[in-house]
Amino acid sequence: MKTLHHQGPLKGTLVIPGDKSISHRSILFGAMAQGTTTVEGFLQSDDCLSTIDCVQRVGVQVEVDGDRVTVNSPGIENWKEPDTILYTGNSGTTTRLLAGVLASSSVASVMIGDESIQKRPMKRVTDPLRLMGAEIIGRSGGNFTPLAIQGKKLAAISYQMPVASAQVKSAILLAALRAEGTTSVTEIDTSRDHTEKMLRHFGVEVHQTESTITLQGGQKLTPAHVVVPGDISSAAFWLVAGAIVPDSFIRLENVGVNPTRDGIVEVLQEMGATLRMTGSTSGSHEETATLEIESSHLTATEVQGSQIPRLIDEIPILALLATQATGVTVIRDAEELKVKETNRIDAVVNELTKLGAQIESTEDGMRITGPTPLHGATITTYGDHRIGMMGAIASLITSSPVTLDNADCISVSYPNFFEHYKQVTTGSN
Ligand SMILES: O=C(O)C1=C[C@@H](OP(=O)(O)O)[C@@H](O)[C@H](O)C1
Ligand SMILES: C=C(OP(=O)(O)O)C(=O)O
């Protein structure tokens, strides 16, 4: 339990911690490449530590020193068979990407995750991997963990993805690296491209024509130095806080601004937020920028279609934003929210309703009418970090305190979230 309340403007500069998606990939790619990979800006969150734990169990050495990580690997061809079950914790990214890598390795393994992971659909990865020849067994025909995987030589596929999912795309591309022939994956909507970018950074040739990504099997990764940018999905909480708390000004440094991830910036601008990008730098293979947000009058908008994958994890905080905008905000085409850490459509609608919001769920999203003054309540996080942070940010505009039933889950993606909360509410830097 954690109770939060603050009234008054937010001020300060925050350095946004490492991107979760890119941190996972830096460890996995380093574990596949023979030799030493170094990472800076790594996110030491529970999810990324799960990825480290799993690769250590196949014989990869990983040393973590703050946000610097050294990965020493014998290469995937020399991975040892794990003598314990691989535990992927709360992390869908770890479970799905690792399924692709393990299926193409030469080891037998069993993967399991926490209660939430055990309910999340895995057929979206086990189906295409089986088409490549993978041997995977799991509950409900391979839909749920635990998954037992016998690594083997796979064959290339041409795959039309049924959902816009970077985890599915990545599982296939990583398996394709060691498969016979040329694999191509066609997306229905563009999902985050961190895997493609990082594969190139590790010396792999990846081709892209419109929505199809093609990769020739038999390519080895060359160890690299990876600079992880800050996570725009974490920055999003402060962008919304700065936009909705009157008289605020927040500067966010080190924000990853990959165009497949910046939907939240676009939506804030559409809604009339005063949001500036004040200079960008390029890291090892991804761009970062400084973002400045000021409170302003906000108007409702519609969020849908190809915008959805570019802000999928930001929808809970976007819903809070919409409660303070004038008019009816409609979020469509977001069914994927039902299979995240929890059903995020139900969770957002239930919890924001408790705070007094005018919000209703629809089949594929939600409708929010604003502006509505909010009051305090006890928020059920369902163990979902993004619901927890949505509740915490709400406490900056509610008329009375907000209590989170479980604030610990926030360390899944943002371990120093409450330090940053203190920083912007006290105006200290
Ligand atoms: O590839 C990734 O790192 C991620 C992809 C997205 O999931 P889907 O691939 O299921 O859309 C996102 O929601 C998740 O937080 C991280
Ligand atoms: C959905 C998320 O992550 P994952 O799928 O890796 O559990 C998230 O971070 O919001």
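Parameters at a glance
Residues numbered from 1 in each chain as written. Chains lettered and ligands numbered in written order. Predicted model: local features only at pLDDT ≥ 70, side-chain atom pairs only at ≥ 80, totals over all residues. Heavy atoms only, no water. UniProt positions renumbered as here; feature names shortened; annotations may be inferred. 1 Å grid on protein atoms, 1.4 Å probe; cavity = no way out; pocket = protein on both sides within 12 Å on 5 of 7 lines; lining within 4 Å. Helix = DSSP H or I, 4+ residues; strand = E, 2+ residues; numbered from the N terminus. Contact = heavy atoms within 4.5 Å. Points joined across faces, edges and corners; volume = space filled by probe spheres on them. Nonpolar A, V, L, I, M, F, W, Y, C, P; charged D, E, K, R; others polar. Domains from an automatic or database assignment. Pairing = 2+ DSSP bridges. Salt bridge = Lys/Arg side-chain N within 4 Å of Asp/Glu carboxyl O. Buried < 20%, exposed > 50% of the residue type's maximum accessible area, 1.4 Å probe, protein only. Core = buried A, V, L, I, M, F, W, Y, C linked by side-chain atoms within 4.5 Å. Axes fitted to C-alpha atoms, helices over the stretch in contact; angles between N-to-C directions. Parallel < 35°, antiparallel > 145°, perpendicular 65-115°, else oblique. Left-handed = near helix turned anticlockwise from the far one by under 90°.

Enquirer: What's the story with the UniProt feature "binding site: phosphoenolpyruvate" (unreviewed entry) in the protein chain in this structure? I'm lost.
Expert: The sites that carry the UniProt feature "binding site: phosphoenolpyruvate" (unreviewed entry) are, in the present numbering, Lys 20, Gly 92, Arg 120, Gln 167, Arg 344 and Arg 386. Residues that both appear in the annotated list above and line the largest pocket are Lys 20, Gly 92, Arg 120, Gln 167, Arg 344 and Arg 386. By secondary structure assignment, the location of Gly 92 is in helix H3 (residues 92-103). Dropping the residues within four chain positions of it, Gly 92 is found in contact with Ile 117, Arg 120 and Gln 167. Within the secondary structure layout, Arg 120 lies in the loop between strand S7 (108-112) and helix H4 (123-131). Aside from chain neighbours lying at most four places away, what touches Arg 120 is Asn 90, Gly 92, Arg 96, Asn 143, Phe 144, Val 339, Lys 340 and Glu 341.

Enquirer: Where do I start with the layout of surface pockets in this structure?
Expert: Rolling a probe over the atoms, with the probe sized like a water molecule, indicates the empty space that remains. Of the voids in this model, the largest pocket is the one considered here, and its volume is about 570 Å³. The wall of the largest pocket is formed by 39 residues, among which Ala 164, Ser 165, Ile 312, Glu 336 and Lys 340 lie closest to the centre. Of all the secondary structure elements, the ones that give two or more residues to the lining of the largest pocket are helix H1 (20-32), H3, helix H6 (166-176) and helix H12 (385-394). For the lining of the largest pocket, the element with the most residues is H1, which contributes four residues. Of the residues that constitute the lining of the largest pocket, the class distribution is nine nonpolar, twelve polar and 18 charged. Of the residues that make up the lining of the largest pocket, three or more belong to each of domain 1 (2-17 + 229-426) and domain 2 (20-142 + 154-216).

Enquirer: Explain the sheet that holds S7 here, please?
Expert: Hydrogen bonds along the backbone pair up the strands of a sheet, which may run parallel or antiparallel. Taken in spatial order, the four strands make up an open sheet running S6-S7-S9-S8, and their pairing is mixed. Looking at the sheet topology across the chains shown, the edges are occupied by strand S6 (86-87) and strand S8 (135-138). As judged from the two bridges shared by S6 and S7, these two strands associate in the parallel manner. If you follow Tyr 87 over to S7, its bridge partner there is Ile 112.

Enquirer: Is there a simple way to think about the pattern of salt bridges in this case?
Expert: Where charged atoms from two side chains of opposite charge approach closely, those side chains can pair. Applying the stated criterion across every chain yields a total of 26 salt bridges. Across the salt bridge formed by Asp 127 and Lys 123, the nearest N and O atoms sit 3.2 Å from each other. Taken together, the residues span about one helical turn, with Asp 127 and Lys 123 both in helix H4 at a distance of four residues. Exposure remark for Lys 123: the relative accessible area of 31% places this residue in the partly exposed category. For Asp 313, the salt bridge identified is with Arg 192, shortest N-O distance 3.5 Å. Taken as a pair, Asp 313 in the loop between strand S18 (302-303) and helix H10 (315-322) and Arg 192 in the loop between strand S11 (182-186) and helix H7 (194-201) lie far apart in primary sequence, 121 residues in all. Residues Asp 313 and Arg 192 agree in their burial class; the two are buried.

Enquirer: Help me understand the nonpolar core in this model?
Expert: In globular proteins that are soluble, nonpolar side chains generally tend to be buried together. With 72 residues, the main nonpolar core has Trp 238, Leu 320, Met 366 and Phe 417 as its most contacted residues. Per-element tally for this core: the top contributor is helix H8 (residues 232-244), with ten residues. Once residues lying within four places of it in the same chain are set aside, the contact partners of Leu 320 are Ile 244, Leu 352, Leu 374, Met 390, Ile 393, Ala 394 and Ile 397. With 64 residues, the next largest nonpolar core counts Phe 29, Val 107, Met 122 and Leu 173 among its residues.

Enquirer: How do you make sense of the packing of H3 against H4 when you look at a structure like this?
Expert: Helices that pack against each other are described as a pair by the angle of their axes relative to one another and the distance between those axes. Two numbers describe how H3 lies on H4: the axes approach to 10 Å, and their chain directions differ by 10°. By the angle between their directions, the pair H3 and H4 is classed as roughly parallel. Between H3 and H4 lies a crossing whose hand is right-handed. In this structure, H3 uses Arg 96, Ala 99 and Gly 100 to contact H4, whose residues at the interface are Arg 124, Val 125 and Leu 129. Looking at side-chain class alone, the contact of H3 with H4 contains three nonpolar, one polar and two charged residues.

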